[in-house]
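For reference, the chains in residue letters:
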Amino acid sequence: MKIKVLTSIASADFSVHVGQIVEAAYIGGDTVAEAWIKNGDAIEAPATEDAAEAIAAMKEELARVTAERDGYASQVADAKTAQAKAEAERDGYKSKVEQLAKAAKAPAPPKG
């Protein structure tokens, strides 16, 4: 059994510090380790295999979310390009309308 120490404790046989992970045998066996856990001086240490699996899963999720974010960023860039094109087209039509409105207000050329 491994424990993670929450309180620094020292004796003639050992010395442990806060945050240290030790084998129960180092402090006197499972009975002592269980007593420390019961008293709040330690917790059962997390299994490193579980932590490694959790880290691998988090890395996979991060890669997935990053790819998804990159996809959204690409969509935003495409939308901005389309918007700029539409605005330029709109401005061209506005200019044409203004020219036609000016032409409509101009006096008719003399016949003759």
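The coordinates are above.
Structure report, in brief. Predicted model, so just to flag it, every value in this text is computed and none were measured. (Residues numbered from 1 in each chain as written. Predicted model: local features only at pLDDT ≥ 70, side-chain atom pairs only at ≥ 80, totals over all residues. Heavy atoms only, no water.)

## Description of the overall build of the protein chain
Part 1 of the argument: In terms of regular secondary structure, the protein chain is built from three helices and five strands.
Part 2 of the argument: For the protein chain, the α and β elements follow one another from N to C terminus as β-β-β-β-α-α-β-α.
Part 3 of the argument: Taking 13 Å as the expected radius of gyration for a compact globule of 112 residues, we find that the protein chain reaches 37 Å, considerably beyond that expectation.
Part 4 of the argument: Across its three principal directions, the C-alpha atoms of the protein chain cover 125 × 25 × 20 Å.
Part 5 of the argument: Counting every position in the protein chain, which comprises 112 residues, the buried fraction comes to 12%. (Helix = DSSP H or I, 4+ residues; strand = E, 2+ residues; numbered from the N terminus. Rg over C-alpha atoms; globule rule 2.2 N^0.38 Å. Buried < 20%, exposed > 50% of the residue type's maximum accessible area, 1.4 Å probe, protein only.)

## Focus: the sheet that holds strand β1 (residues 2-5)
Strands in a sheet are paired, the pairing made by backbone hydrogen bonds, and the direction either parallel or antiparallel.
Part 1 of the argument: As summarised here, the arrangement of the three strands in space is β4-β1-β5, forming an open sheet in which the pairing is antiparallel. Where the open sheet ends on each side, the last strands, each with one partner, are β4 (21-23) and β5 (42-44). Strand-to-strand twist across the sheet, computed as the mean angle between neighbouring axes with direction ignored, equals 35°. (Pairing = 2+ DSSP bridges. Axes fitted to C-alpha atoms, helices over the stretch in contact; angles between N-to-C directions.)

## Focus on the nonpolar core
Part 1 of the argument: With 10 residues, the main nonpolar core is built from I3, V5, F14, V16, V22, A24, I27, A33, W36 and A42.
Part 2 of the argument: Residue assignment for this core shows that the elements contributing at least two residues are β1, α1 (24-27) and α2 (30-39).
Part 3 of the argument: When residues no more than four places from it in sequence are discounted, the contact partners of A33 are M1, I3, A24 and I27. (Core = buried A, V, L, I, M, F, W, Y, C linked by side-chain atoms within 4.5 Å. Contact = heavy atoms within 4.5 Å.)

## Quick notes on the pairing of β1
Part 1 of the argument: Burial along β1 is one-sided: I3 and V5 are buried, while K2 and K4, pointing the other way, are not.
Part 2 of the argument: As paired strands, β1 and β4 are joined by three bridges and run antiparallel to one another. Bridge pairing in β4 places I3 opposite V22.

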